[in-house]
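Residue-level structure breakdown
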Amino acid sequence: MISLGQKGQIIEKNKDLIKDPYILEFLGLPDKSFYSESDLEQKLIDKLEHFLLELGNGFTFVARQKRITFDERHFKVDLVFYNRILKCFVLIDLKIGELKHQDIGQMQMYVNYFDREVKLDDENKTIGIILCQDKSESIVRYTLPENNEQIFASKYLTVLPSEKDFIQIIENQ
């Protein structure tokens, strides 16, 4: 945090632009409440300007519930953005609760589709972000390849941590 304050954000690789966690307090959802992925998505769309600011620099909105079709099957990517700095599509899949390895596989399919069917030759590889309430670092590590630079799992918080919890988070890092 101190380095970021002194030098600003330095983007050398995709991971440098991906936050973890994202703070979605501006949505007004209570912590640990019961809401659906579509409720979360609707709140994000309603507050798109705030969400773009939370995502970071260079993001532009492309689509919501973007349908992709192959083998006569339809799939929907929750949110599609384009990042002007990275020159690539950024796909976001919203998950309520804990991340599962199947969620990572689903995002890998979306990323592969965009890379093979949507992106232009002069654009960089698609990035996928799975926003979830909780995740196991081991599941992420063992599901993704070791040299992964395309798919990221990030937690989101609907309220800022208490001062006590925030101090503990800083001490643990």
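All values reported here derive from a predicted model rather than from experimental measurement.

Right, let's get into the pairing of strand 2 (residues 59-70). Where strand 2 meets strand 3 (residues 73-83), 10 bridges bridge the pair, whose relative direction is antiparallel. In the sheet register, Lys-66 faces strand 3, and the bridge partner there is Val-77.

One key point about sheets: their strands pair by backbone hydrogen bonds, in either a parallel or an antiparallel sense. Read across the open sheet, the six strands follow the order 1-6-5-4-3-2; overall the sheet is mixed. At either margin of the open sheet sits one strand with a lone partner, and together these are strand 1 (22-23) and strand 2. Packing of helix 4 (residues 101-118) onto the sheet brings it into contact with strand 2, strand 3, strand 4 (88-98), strand 5 (127-134) and strand 6 (151-157), and relative to strand 4 it is tilted by some 165°.

On to the pairing of strand 3, then. Counting buried residues along strand 3, eight of its 11 residues qualify, which places the element largely inside the surrounding structure. Between strand 2 and strand 3, which pair antiparallel and follow one another directly, the connecting turn spans two residues, one of which, Asp-71, has a positive phi of 50°. Direction of pairing for strand 3 relative to strand 4: antiparallel, over a ladder of five bridges. Paired with Tyr-82 across the strands is Phe-89, a residue of strand 4. If you look at the hairpin formed by strand 3 and strand 4, you'll find four residues sitting between the two strands, and Lys-87 has a positive phi there, around 55°.

Let us look at the packing of aromatic side chains. Considering all chains together, one arrives at eight aromatic pairs under this definition. Look at Phe-70 and Phe-75: their rings are 5.2 Å apart centre to centre, the planes differ by 25°, and that puts the pair in the stacked class. You can call Phe-75 buried: its relative accessible area is 16%. Ring pairing ties together the aromatic residues Phe-70, Phe-75, Tyr-82, Phe-89, Tyr-113 and Phe-114, which thus form one cluster.

Before going further, it helps to spend a moment on the environment of Lys-19. Relative to the helices and strands, Lys-19 resides in the loop between helix 1 (2-7) and strand 1. Relative accessible area serves as the criterion here: at 30%, Lys-19 is assigned to the partly exposed category. Apart from the residues within four sequence positions on either side, Lys-19 is in contact with Leu-53, Glu-54, Leu-55 and Ser-154.

Where nonpolar side chains cluster on the molecular surface, the patch consists of Phe-166, Ile-169 and Ile-170 and spans about 250 Å² of accessible area. Along the polypeptide, Phe-166 turns up in helix 6 (residues 163-172).

To continue, consider the nonpolar core. Judged by nonpolar contacts, the single largest core of 23 residues is most densely connected at Leu-40, Phe-51 and Ile-92. Of all the elements in the fold, those that place two or more residues in this core are helix 2 (37-46), helix 3 (48-55), strand 3, strand 4, strand 5 and strand 6. Top element by residues in this core is strand 4. It accounts for four residues. Dropping the residues within four chain positions of it, Phe-51 is found in contact with Leu-24, Phe-26, Leu-44, Leu-79, Phe-81, Ile-92 and Leu-131. Among the nonpolar cores identified, the runner-up in size contains 21 residues, and Ala-63, Val-111, Val-140 and Leu-144 belong to it.

So, on to the pattern of salt bridges. Considering all chains together, one arrives at five salt bridges under this definition. Residue Lys-95 is joined to Asp-93 by a salt bridge in which the shortest nitrogen-to-oxygen separation is 3.4 Å. Note that Lys-155 is salt-bridged to Asp-134, the shortest N-O span being 3.9 Å. Taken together, the positions of Lys-155 in strand 6 and Asp-134 in strand 5 put the pair 21 residues apart, joining distant regions of the chain. With a relative accessible area of 35%, Asp-134 lands in the partly exposed category.

Among the structural elements, Asp-115 can be located in helix 4. For the buried Asp-115, no salt bridge is present, and the opposite-charge side chain at shortest range is Lys-119, 5.5 Å distant. Residues within four places of Asp-115 in sequence aside, it is in contact with Lys-125, Thr-126 and Gln-150.

Conventions used here
Residues numbered from 1 in each chain as written. Predicted model: local features only at pLDDT ≥ 70, side-chain atom pairs only at ≥ 80, totals over all residues. Heavy atoms only, no water. Pairing = 2+ DSSP bridges. Helix = DSSP H or I, 4+ residues; strand = E, 2+ residues; numbered from the N terminus. Contact = heavy atoms within 4.5 Å. Axes fitted to C-alpha atoms, helices over the stretch in contact; angles between N-to-C directions. Buried < 20%, exposed > 50% of the residue type's maximum accessible area, 1.4 Å probe, protein only. Phe/Tyr/Trp six-rings, centres within 6.5 Å; stacked < 30°, edge-to-face > 60°. Patch = residues over 30% accessible without salt bridge, like charges linked within 9 Å, V, L, I, M, F, W, Y side chains within 5 Å. Areas by Shrake-Rupley, 256 points an atom, 1.4 Å probe, with all protein chains shown as cover. Salt bridge = Lys/Arg side-chain N within 4 Å of Asp/Glu carboxyl O. Core = buried A, V, L, I, M, F, W, Y, C linked by side-chain atoms within 4.5 Å. Lys, Arg positive; Asp, Glu negative; His and termini not counted.

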